[in-house]
Amino acid sequence: PVARAQAALASDPRNIDRILALGAAQSGARQFREAIATYSRGLAIDPNNAMLLRWRGHRHLSVRAFDQAMVDLTRGAAIDSTIYGIWYHLGVVKFVRGDFAGAADAFARALPRAPDPGELAGSTDWLWMSLSRAGRKAEAKAVLDRRSPTLPPDYGYTRRLQLYAGAVTPEKLLTPADTDGVQIATLSYGAGNWLLVQGDKTGARVWFERAVQTDGWPAFGFILAEAELRRLK
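Numbering of residues begins from 1 in every chain and follows the order in which that chain's sequence is written. Whole-chain, interface and lining totals are the exception, using all residues; otherwise, since this is a predicted model, local features are given only for residues with pLDDT of at least 70 and side-chain atom pairs are given and counted only at 80 or more. Side-chain numbers come from the whole structure's heavy atoms, not from hydrogens or water.

Caption draft 1: Region of interest: the overall build of the chain. Along its length, the chain carries 14 helices and 0 strands. Each helix is a run of DSSP H or I of at least 4 residues and each strand a run of E of at least 2, with the numbering of both proceeding from the N terminus. Reading the chain from its N terminus to its C terminus gives the helix and strand order α-α-α-α-α-α-α-α-α-α-α-α-α-α. What the globule rule says is 2.2 Å times the number of residues to the power 0.38, and the radius of gyration is computed from C-alpha atoms. Its C-alpha atoms give the chain a radius of gyration of 18 Å, near enough to 17 Å, the size a compact globule of 233 residues would have. For the chain, the spread of C-alpha atoms along the three principal axes comes to 55 × 40 × 35 Å. Relative to its 233 residues, the chain shows a buried fraction of 54%. Pairs of residues are marked as contacts when any of their non-hydrogen atoms sit within 4.5 Å. Considering only intrachain contacts with a sequence separation of at least 6, the fraction spanning at least 24 residues in the chain is 55%. The accessible surface values rely on the Shrake-Rupley method and a 1.4 Å probe; as for residues, cover is taken only from the protein chains in view. For the chain, the accessible area works out to roughly 10500 Å², and carbon and sulfur atoms hold 53% of it. When a residue's accessible area, from a 1.4 Å probe over protein chains only, is under 20% of the maximum for its type it is buried; when over 50% it is exposed; and in between it is partly exposed.

Caption draft 2: The arrangement of the nonpolar core in detail. Throughout, nonpolar core names a set of buried Ala, Val, Leu, Ile, Met, Phe, Trp, Tyr and Cys residues whose side chains join them through atoms within 4.5 Å. Tyr88 and Trp126 are the most contacted members of the largest nonpolar core, which totals 62 residues. With 13 residues, the next largest nonpolar core counts Leu9, Ile16, Ala25 and Leu52 among its residues.

Caption draft 3: Region of interest: the pattern of salt bridges. The salt bridge criterion pairs a side-chain nitrogen of Lys or Arg with a carboxyl oxygen of Asp or Glu, the two atoms within 4 Å. Using the criterion set out here, one finds 11 salt bridges in the structure. A salt bridge links Arg97 to Asp67, with the shortest nitrogen-to-oxygen separation between them at 3.5 Å. Taken together, the positions of Arg97 in the loop between α6 (84-96) and α7 (100-110) and Asp67 in helix α5 (residues 66-79) put the pair 30 residues apart, joining distant regions of the chain. Taking the relative accessible area as the measure of exposure, Arg97 reaches 44% and is therefore partly exposed. The partner of Glu228 in a salt bridge is Arg231, and the shortest N-O contact between them spans 3.3 Å. Highlighted residues: Glu228 and Arg231, both in helix α14 (residues 220-231), separated by 3 residues, approximately one helical turn.

Caption draft 4: Broad picture of the environment of Phe66. Tracing the chain through its elements places Phe66 in helix α5. Of the residues examined, Phe66 reaches a relative accessible area of 15% and is grouped as buried.

Caption draft 5: Molecular detail of the side chain of Thr124. On the secondary structure map, Thr124 appears in helix α8 (residues 117-133). Discounting residues that sit within four places of it in the chain, Thr124 has contacts with Leu111, Val143, Arg147 and Leu161.

Set out below in structure tokens:
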């Protein structure tokens, strides 16, 4: 896919859609720094392209360049406030930096713009986490109570929401079928954060350590588990 996208771009090197396609192909191969360079190439052509800023900000987040991610996503939001992915990833960056109130604001803006049921589950989950960590428990419960009944049932974020609602315990969140590193990191972080919200730092640490022992290092759960372990020292 990367080679095909490179060939397509070579035939029309100023085509922003082809630049975005190459960045997506590189990201799919976990070539995140190469993707950042590709999006930067696009921004040299079209400096105010909010979608390029959305994706470069996302990939700065993937490589833990949080300050650069914040700059790109904040600028992208100022250019086009309607893009779901800008608010979602801005929320993740604020969360990882410990700005839980700011994260809650970003996810509240993302939620009504969710483009599909999976993203709706994700933004609902992150809004609950952000409000909970900000100490706004009643608002977090209200988000949980009004969550859509049509969320994809076996999706990682849907399963985490079931944990928050008391339908499953942390021990039942992971199943033997969960072998993918990204999935394990996602579920493990959700369990750890839930325990942290309950005040169980010891139990939370066990789950955060489980998340970072996978090969799912691009997952937000992995990135957040790294941050939580630093905060728990």
